[in-house]
Every structure is written in C-alpha cells, then in structure tokens.
Amino acid sequence: MSIQRILVADDEESIRWVLSKALKKQGFKVDLAEDGKQALSMLRSTHYDLAVLDIKMPGLQGLELLQKLQEESPQTLVVIMTAESTMENAVAAMKLGAYDYLTKPFDLDALDAIILKAQKAAEVSDQIGQLKEELQDQYRFGRTIIGNSHPMQEVYKTLGRIAPSDVTVLITGESGTGKELIARAIHFNSPRLGKPFLAINCAAIPRDLLESELFGHEKGAFTGATDRKPGKFEQANGGTLFLDEIGDMPLELQAKLLRVLQEKEITRTGGSQTMQIDVRIVAATNQNLVEQVEGKQFREDLYYRLNVLPIDLPPLRERKEDIPSLVEFFLQRAQQDLGVSTIECSTEALSQLKRHNWPGNIRELENVIKRAALLSPNHVLMPSDFPGLLSGQSKEGQDESLEALVARKLENSLAQMDLQELDNLYEMVLHQVERPLINIILQKTRGNQVRTAEILGINRNTLRKKITTLEIDVKRGD
Ligand SMILES: Nc1ncnc2c1ncn2[C@@H]1O[C@H](COP(=O)(O)OP(=O)(O)OP(=O)(O)O)[C@@H](O)[C@H]1O
Ligand SMILES: [Mg+2]
C-alpha cells in the first residue's frame, strides 16, 4: 500500500482549498469534508490511506473521529491539525494513535515531510508483510514451490482455494511435474497440518499387499499375517492420505476405496468391525484416467468421486520461463546438501537448458543440475557441463521445424483450392501465421501490448493495427 487517496477535513474553507490544491498537485486523489460527521461518513464509504483532520470542528471533533477511525479503519493514517494553543490536544492525539500532527498555521513543507515519511513507512510495512508471508509459506508448504509462470500462478490460486477444505483432490500431470510436492502443500496449508500426511504409491506395491497396506489386517487374515496391523487409512486418521499413481490401483481395490470415500469407515482385512475414519484423500496420476475409464480399467464412479477438484500440473516445456529460478534453487540445494561450490549457471548454459524439451520435467532438471554441479570443475556452469542434453530431445516427428510443418500444410491445403479463384493468397496465408503468433504472445504477456510488441520486435502502433486488421480479441490478464 502506498499513499494515494487522502481525505482533508476542516471547517475552514481556505484551509481545505490550500491543502487540496497542494496535494492534488503532487498527484494524490483528494476529497474534502466540511465537518466531522461528513468526514466520518466518507471514511466509512471509501478507503483513504491518509486523513488530515482538524482537531476542532463543529459536530464531531477531530479526536473523537480519530478514535472511531482507529476501531473501524486502522489502516488509515491520521494527521491531526491543531492550533498552537491546544498543544495538549496534539499530545492526546498522538496517544490515541494519530500518525502525526501539524500546528497551525503550518507551511506546506511540513505536510510534505509528513507524507513522505508516511509513504516510506507504508512501503516498509508492505515489505515486511511480504517477507512474513514468504516465510510462512515456506514453513507451511514444508518445501518451497518454485515458479511464477502464469500456469503455476493458476495452480497456486486453485491450491489456495481448495487447501483449507476437506474436498478430495485429483492431481494430474506428467511424471516429475511436482504432483507429490503439491499434495504436501495441500496438506500443510489445511487445518490438518498437525496431523499425519501419509503417502502410498499404488504402482510400487504388489497388488496383494496393497489392500492390507491401505486397510490393515487382523491377525491370521492371510498366510503371513502373524500380527494385526493398522493400515494407512487408520494411521492417517485426522490427516491426509496421498494415493499416488491411483491409475494403477486394481479394480477390486477401487471398489473398496469408493466405499471408504462414501461411508468414511473401513474394515481391516479379515476383520468384522468397522472403524470410523476421517481422512482427506489427495490422489495423483500421470495417466489419462478418462481413457482408463473408457477402457474399463478405472471405475467411472470412483473417477467422478475423485475428480471433484482437479489440479493439472503443466509440463516444464510449457513454462520454460521458470527454468532460471528452478536452476538457481537446485544449485542452492546442491550447495547445501552436497557441499558443491558451483554457484551459478552461465547465460549460454541457461539458453541451452531452455531449448531442451524436458520430458522428465522438474525431476529431470533437478537431476541434470545436481549432476552438473557435482561433476563440473567450474564455479559457473557452461554448456559443456551439460553434455548430451539435446540428444535426448527429439522424438520422431515432434521436432519438425515450423517451416517444414508449414510447407507440408500449405501443399495439402493448396492442392484442394482453385488457385485461379484466389486474389489475395499471399495475405491470407500470412494472416494465418500472424494471428496465432500475436495471440500466443498476447496470452503469455496476459494482454500487455507493450510487452508483446517488444517480444515480437515490432512497433507498438504496428501491433495495434495488426490487432485491428486481424480482428484479434485482446483479453487482459487478471
Ligand atoms: N515447482 C517446483 N519447485 C521446486 N521443486 C520442484 C517443483 N516441482 C517439482 N519439484 C521437485 O521435483 C522433484 C519431482 O517432484 P514430484 O516427486 O513432486 O513429482 P511427481 O509429479 O510426483 O513425479 P512422478 O510422477 O514421477 O511421481 C521433487 O524433488 C520435487 O521436490
Ligand atoms: Mg510422484
């Protein structure tokens, strides 16, 4: 918050006039009130960053107003104006929480100085607030989530909305995109944070064991069950159970899981007693569950039960702008955990990393950085520290150049057209390239035309004209 809107309340017209003129000249939005009552109703209906109040006004006096403001709108800083004869009042004002006071007659420099001081204080308190939030986030998330790209911000928004509730969450995303990290973040941002977070990987545990791992078993329930054993559901009671690779859960168990979700009770294998449990389920998969439902490998009813609130994590190749901060983060971690002395990544190496397609996503990036930091003799990582990075990139056909792709498309399309009929083929084709290009960059900059023009390397006016002629719909980001 910085100071933008100021209320001046004084019953003397000349004072209102002088102050309003001086403050407006400095770019503040200024409103005026003639007495305490009017000031109060204005302060109630509009947010003011600063209020300059005369101590003596008919009706409601400055000090009473200050007291009310402290209760109702403590963010508003108050400066009290007082005549010399009422110095005690100034002291009282400060005690009541006024930010500062001015003695009349005052020169405008004194007011400027106060505003400047308030402005600085507001900035510092903003910074402190931000730092606090960051610290708290780090603490609550357990581990830091890096990335400020647009798709990640969308993820954070959903996270913030759903974490506090008990709703079941399904996290989807390719391997290594951070599904487990997000699952933990959900738990550590929920009221369950003091209770256990348990994870079970449905793909890694043999199907025969999975059932007893989840639901527990009684003594003698099957050969080898020499003791009774509580399952993960029981152990996680009150907390969160993370069912990783849920797509690999055998169908029989899916039915059992569905019952648990519906009835909130479990029965140990070989047991007859049911137990009430209160566990929040977060599930994850890198498979396409819709396809699995179609192929009857995944129960449709369970899918709908789990998919109440999906979070789809973007692959790294769709948020390459996050690469530099991720690299920095993993390098720091390598220094702490492995004691390596590599401290940064050269710009050349960074561009090389940005060219890679990252099929293994963040985990692949993490490993690549760790390995390079361990093996490199340099303090600064160079492209030569990432040998073989680009070789793993091309999957057949996927990396066909744009030019080759366009040529192929064009040949096909033109073969079906009557070329004699066309009079503006050149423009028509160019538009089809221009429109998506401009659209994509506009989306990336969230509708910022100045940035878009910069990135495209064209003039702002040119961009504006193109937007009109190409009938591009500009949506401003939030
Ligand atoms: N946004 C991020 N910021 C920092 N580290 C991240 C981020 N996303 C993932 N990681 C790290 O990358 C690694 C892989 O993440 P995680 O295990 O959560 O991925 P996953 O989607 O569960 O992968 P898989 O499908 O292979 O199980 C972890 O070490 C995790 O800490
Ligand atoms: Mg995982």
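A. Focus on the overall build of the protein chain. In terms of helices and strands, the protein chain carries 19 helices and 16 strands. In terms of overall size, the protein chain is more extended than a compact globule, its C-alpha atoms giving a radius of gyration of 32 Å where 478 residues would be expected to give roughly 23 Å. Along the first, second and third principal axes, the C-alpha atoms of the protein chain reach 95 × 80 × 55 Å. Buried positions account for 26% of the 478 residues belonging to the protein chain. Of all intrachain contacts in the protein chain linking residues separated by at least 6 positions in sequence, the fraction that spans at least 24 positions is 69%.

B. Local environment of the sheet that holds strand S7 (residues 197–201). Read across the open sheet, the 5 strands follow the order S7-S10-S13-S6-S14; overall the sheet is parallel. In this open sheet, the two edge strands, each paired with only one partner strand, are S7 and strand S14 (309–312). Looking at each pair of strands side by side, their axes are set apart by 20° on average, direction ignored. Inspection of the sheet shows strand S6 (residues 169–172) paired to S14 by 4 bridges, in the parallel sense. For Ile-171, the partnering residue across the bridge sits in S14 and is Ile-311. On top of the sheet, helix H7 (residues 179–188) reaches S6, S7, strand S10 (240–244), strand S13 (280–285) and S14; it is set at about 165° to S13, its chief contact.

C. Representation of the site of ligand 1 within the structure. Neighbouring ligand 1 are 17 residues; Ile-146, Gly-178, Lys-179, Glu-180 and Ile-362 lie closest to it. For the shell around ligand 1, the secondary structure elements donating two or more residues are H7 and helix H15 (361–375). Built from parts of two domains, the shell around ligand 1 gets at least three residues from each of domain 2 (150–312) and domain 3 (328–385).

D. How the structure looks around the packing of helix H2 (residues 36–45) against helix H3 (residues 62–72). Put simply, H2 and H3 touch, their axes get as near as 10 Å, and they point 15° apart. The angle between the axes of H2 and H3 places the two elements in the roughly parallel class. For the crossing formed where H2 meets H3, the hand is right-handed. Between H2, through Gly-36, Ala-39, Leu-40, Leu-43 and Arg-44, and H3, the contact on the second element is made entirely by Gly-62, Glu-64, Leu-65, Lys-68, Leu-69 and Glu-72. Residues that form the contact of H2 with H3 fall into these classes: 5 nonpolar, 2 polar and 4 charged.

E. The arrangement of unusual backbone geometry in detail. Positive phi is not limited to glycine here, since Trp-358 has a value of about 55°. Turning to its location among the elements, Trp-358 is positioned in the loop between helix H14 (347–355) and H15. The class of Trp-358 is buried, set by 24 C-beta atoms lying within 10 Å. One non-glycine residue, Asn-361, adopts positive backbone phi at about 55°. Mapped onto the secondary structure, Asn-361 falls in helix H15.

F. Structural view of the pairing of strand S3 (residues 50–54). The buried count for S3 comes to 5 of 5 residues, which makes it a mostly enclosed element. Alternating residues of S3 divide into Leu-50, Val-52 and Asp-54 and Ala-51 and Leu-53, and every residue in both groups is buried. Here strand S1 (residues 5–9) runs beside S3; their pairing, made up of 4 bridges, is parallel. When the bridges of S3 are listed, Ala-9 appears paired with Leu-53. Handedness of the crossover is the feature at issue here: the chain leaves S3, passes through H3, returns alongside strand S4 (residues 77–83), and the resulting connection is right-handed.

G. Quick peek at the nonpolar core. By size, the foremost hydrophobic cluster in this structure holds 35 residues, and its most contacted members are Ile-171, Leu-243, Val-282 and Ala-283. When contributions to this core are tallied by element, the ones reaching two or more residues are S6, H7, S7, helix H8 (207–215), S10, S13 and helix H12 (300–306). Excluding anything up to four places from it in sequence, Ile-171 contacts Lys-179, Ile-182, Ala-183, Val-282, Ala-284, Ile-311 and Leu-313. Judged by nonpolar contacts, the second largest core, of 34 residues, contains Val-8, Val-52, Leu-53 and Ala-93.

H. Focus on the confidence of the model for the protein chain. Here the protein chain averages 86 in pLDDT, and 92% of its residues register 70 or above. pLDDT under 50 marks residues 391–398. Its contacts with residues more than four places away, or in other chains, come to 4 contacts.

I. Spotlight on the environment of Leu-241. Tracing the sequence through the fold places Leu-241 in strand S10. Apart from residues no more than four positions distant in its own chain, Leu-241 is found in contact with Leu-198, Lys-232, Phe-233, Ala-236, Val-279 and Ile-281.

J. Spatial organisation of the sheet that holds strand S2 (residues 29–33). Strand order across the open sheet formed by 5 strands is S2-S1-S3-S4-S5, with parallel pairing between neighbours. Two strands bound the open sheet, and with one partner strand each, they are S2 and strand S5 (100–104). On average, adjacent strands in this sheet sit at an angle of 20° to one another, irrespective of strand direction. Note: S1 against S2, 5 bridges, orientation parallel. Residue pairing for S2: Arg-5 is matched across the bridge by Lys-29.

K. The domain arrangement of the protein chain, seen in detail. If you check the domain split of the protein chain, you get domain 1 (5–123), domain 2 (150–312), domain 3 (328–385) and domain 4 (402–469). Taking the mean C-alpha position of each, domain 1 and domain 3 sit 55 Å from one another.

What counts, and at which threshold
- All chains use their own residue numbering, which begins from 1 and follows the written sequence.
- By the order in which they are written, chains take letters starting at A while ligands take numbers starting at 1.
- At least 70 in pLDDT is required for a residue's local features to be given in this predicted model, at least 80 for side-chain atom pairs to be given and counted, and no such filter applies to totals for whole chains, interfaces and linings, which use all residues.
- The helix count covers DSSP runs of H or I at least four residues long, the strand count covers runs of E at least two residues long, and both are numbered beginning at the N terminus.
- In this treatment the radius of gyration is a C-alpha quantity, and the globule benchmark scales as 2.2 Å times the residue count to the 0.38 power.
- Exposure classification rests on a simple neighbour count of other C-beta atoms within 10 Å of a residue's own: a residue reaching 20 or more is buried, one at 12 or fewer is exposed, and one in between is partly exposed. C-beta atoms are placed from the backbone.
- By the convention adopted here, residues are in contact when the distance between their C-beta atoms, placed from the backbone, does not exceed 7 Å.
- The pairing criterion for strands is at least two bridges between them, as found by DSSP.
- To get an axis, a line is fitted to the C-alpha atoms, and for a helix only the part in contact is used. The angle between two axes follows their N-to-C directions and goes from 0 to 180 degrees.
- The rule is simple: place the C-beta atom from the backbone, and if it lies within 6 Å of a molecule or strand, the residue is near it.
- What marks off one domain from the next here is an automatic or database domain assignment.
- If an angle is under 35 degrees, it is roughly parallel; if it is over 145, roughly antiparallel; if it lies from 65 to 115, roughly perpendicular; otherwise it is oblique.
- Here is the rule for handedness: rotate from the far helix to the near one, and if that takes an anticlockwise turn smaller than a right angle the crossing is left-handed, while a clockwise turn gives right-handed.
- Three classes are used, and their members are as follows: Ala, Val, Leu, Ile, Met, Phe, Trp, Tyr, Cys and Pro are nonpolar, Asp, Glu, Lys and Arg are charged, and the others, Gly among them, are polar.
- Here the term right-handed applies to a crossover when the path leading from its first strand over the helix to its second strand runs clockwise, the strands being oriented away from the viewer.
- Buried Ala, Val, Leu, Ile, Met, Phe, Trp, Tyr and Cys residues form a nonpolar core when they are connected through C-beta atoms within 7 Å.
- The score called pLDDT rates the predictor's confidence residue by residue, from a low of 0 to a high of 100.

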